[in-house]
Amino acid sequence: MTLQERDKKHIWHPLKQHQTHPNSLGIVKAKGCILTDEHGNEYIDAISSWYTCMFGHCNEYITSKVYEQMQQLDQIMFSDFTHPAAVELSEKLIGILPENQAKIFFNDNGSTAVESAIKMALQYYFNKGDKRTTFIAFENGFHGDTFGAMSTSGLSVYNGPFEDFLINVHRIPVPNGTNTEAILTQLKDIVANHKVAAFVYEPIVQGAAGMKTHDNNGLNSILDFFKTNAVLTIADEVMTGFGKTGKNFASDHMTIKPDIICLSKALTGGLVPMAITSCTQEIYDAFLSDDIAKGYFHCHTYSANPIGCAAAIASIDLLTSEEIQESIQRISKAHQQFSERIQSHPKVKSTRNIGVIFALDLDTNMERYGTLRDLLLSSFMKEGVFLRPLGNTIYIQVPYVITAEQLEKVYFTIEKVLNTL
Ligand SMILES: *Cc1c(COP(=O)(O)O)cnc(C)c1O
């Protein structure tokens, strides 16, 4: 029996309607940018396995550091102890995060990084005797699948069964260069009538929405409004963090820095799940008290797992290396050229690119998990490229270590498949 057949017996996959989509391809090996399936076929991983494996799969530098760590210290309760890898990671992160970030809190995945940020914001005000009840978020954002994170995400048809249990969130449009004044007027109204704890946002690029970019100046004005109105700002950099936008963090493109930052995905280079919620000294200080209950009583069993920390330290070493920084610039330039080349294709409505992220919108309406999307996905796979369209958006987010030939094959495959539509 193939893996695919054995899988069907006991496994329930995420994001899947098993009745119409019963098959999951067995992947048995991944190295650099190449995935190998159970039949020996190879695919270029053009979306870095959901933006995680930015330094290539099974990167030898990362795996060697993890192997060293595994022989030294595997797991330790972080409520009672600390350890060298956590301390070193905190120092490295503070060294590259926006300058106002001072404290590092550990979580397990992107959703819980956001969940934790939401709880931090609520308790920050609660501890000051100021009970806040509402959040603000962008329309069509994505922040994860736990209740708080799901609530701050844009309303989705997949949220139906849970709608009655979501936390209170007001939604604003993303700034597009012409609507900033209208958004500020809307914000004044929301803030005057509700007790708003925080604004949760994906800075500059909304990933799951289809790698949608928005206006930096508009975002700065919005963040500035929140600063002057004592509303905390939570940047969800789970997707944008660690070099994707051409800078270490998307918030580095902004003049106004967030109070809280959520990180995951590329944090460990795709090796193990781990997440961080970082914050300013001011937020941390609001939890200091002789009263125990003012502390932050939120914990995951695997908080600051040493293996995860070792993978994250190694990933940051690579990110900050000259070689990777040059690759990011190289991919960024190649995307720009591809963008100019594909823009005039009759099936293409628009293109956008920032850093190693490239996206194009097709000139058709497509359901997020509809048949055209399935056809595109399988056509790309037949050509040996793994690309996963989001609605009518085809996007590329390749590992930084991709070769020029592999990248050209990704571009060529997109053109070839578009020509068959
Ligand atoms: C993926 C993602 C999340 C959720 O992370 P998980 O690890 O899947 O829980 C949250 N925010 C953004 C912006 C993401 O891209």
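Structure report, in brief. Computed from a predicted model, the values in this text were never measured in an experiment.

This brings us to the sheet that holds strand S2 (residues 34-37). Pairing is mixed across the open sheet formed by four strands, whose spatial order is S1-S2-S3-S15. The outermost strands of the open sheet, each flanked by one partner alone, are strand S1 (27-31) and strand S15 (385-386). Here S2 pairs with strand S3 (residues 42-45) via three bridges, running antiparallel. Its bridge partner lying in S3, Leu35 is registered against Tyr43.

With 13 residues, helix H8 (residues 216-228) extends 18 Å between its outermost C-alpha atoms, agreeing within 8% with the 18 Å of an ideal straight helix rising 1.5 Å per residue. Among the residues making up H8, those that are buried are Gly218, Leu219, Asn220, Ile222, Leu223, Phe225 and Phe226. Packing partners of the buried residues in H8 comprise strand S5 (134-138), strand S6 (169-172), helix H7 (180-193), strand S7 (196-201) and strand S10 (232-236).

Close contacts around the ligand come from Asn109, Gly110, Ser111, Phe142, His143, Gly144, Glu202, Asp236, Val238, Met239 and Lys265, and that covers them all. In this structure, an oxygen atom belonging to the ligand sits 3.4 Å away from a side-chain N or O atom of Asn109. Between the ligand and Phe142, the relevant distance is 3.4 Å, taken from a nitrogen atom to a main-chain nitrogen or oxygen of the residue. Within the complex, 82% of the 380 Å² of free accessible area of the ligand lies under protein. The residue inventory of the shell around the ligand, partitioned by class, reads three nonpolar, five polar and three charged.

Turning to the pairing of S3, a few remarks are in order. Taking the residues that link successive antiparallel strands as the turn, the S2-S3 hairpin has four residues, and the phi of Gly40 there is positive, at about 95°. Examined bridge by bridge, S3 and S15 share two bridges and lie parallel to one another. Residue Asp45 lies in a different strand from S15, and its bridge partner there is Phe386.

Bringing the side chain of His300 into the picture now. Locating His300 in the fold gives a position in the loop between helix H9 (281-285) and helix H10 (306-319). Of the polar contacts made by the side chain of His300, one reaches the side chain of His298; its length is 3.4 Å. Here His300 is in contact with Asn107, Asp108 and Thr112, once residues within four sequence places are set aside.

Rules behind the numbers
- One numbering rule holds for all chains: residues counted from 1, following each sequence as written.
- Thresholds applied to this predicted model are a pLDDT of at least 70 for local features of residues and 80 or more for the giving and counting of side-chain atom pairs; totals over whole chains, interfaces and linings are not thresholded and use all residues.
- Processing note: side-chain calculations cover all non-hydrogen atoms of the structure and skip hydrogens and water entirely.
- Between any two strands, at least two bridges found by DSSP are needed for them to pair.
- The way it works is that DSSP assigns letters per residue, a run of H or I at least four long becomes a helix, a run of E at least two long becomes a strand, and they are numbered from the N terminus.
- A helix is expected to span 1.5 Å multiplied by its residue count minus one.
- Between buried and exposed lies partly exposed: a residue is buried under 20% and exposed over 50% of the maximum accessible area for its type, with that area taken using a 1.4 Å probe on protein chains only.
- Contacts are assigned to residue pairs that have any heavy atoms within 4.5 Å of one another.
- Proximity is defined per residue: any heavy atom of the residue falling within 4 Å of a molecule or strand makes that residue near it.
- Polar contact is defined as a pair of N or O atoms within 3.5 Å, subject to the rule that within protein one atom must be able to donate a hydrogen and the other to accept it, and that residues adjacent in sequence are counted only when both atoms are side-chain atoms.
- Accessible surface is estimated by sampling points in the Shrake-Rupley manner with a 1.4 Å probe; for residues, cover comes only from the protein chains shown.
- Side-chain classes follow a simple rule in which Ala, Val, Leu, Ile, Met, Phe, Trp, Tyr, Cys and Pro form the nonpolar group, Asp, Glu, Lys and Arg form the charged group, and the remainder, Gly included, forms the polar group.

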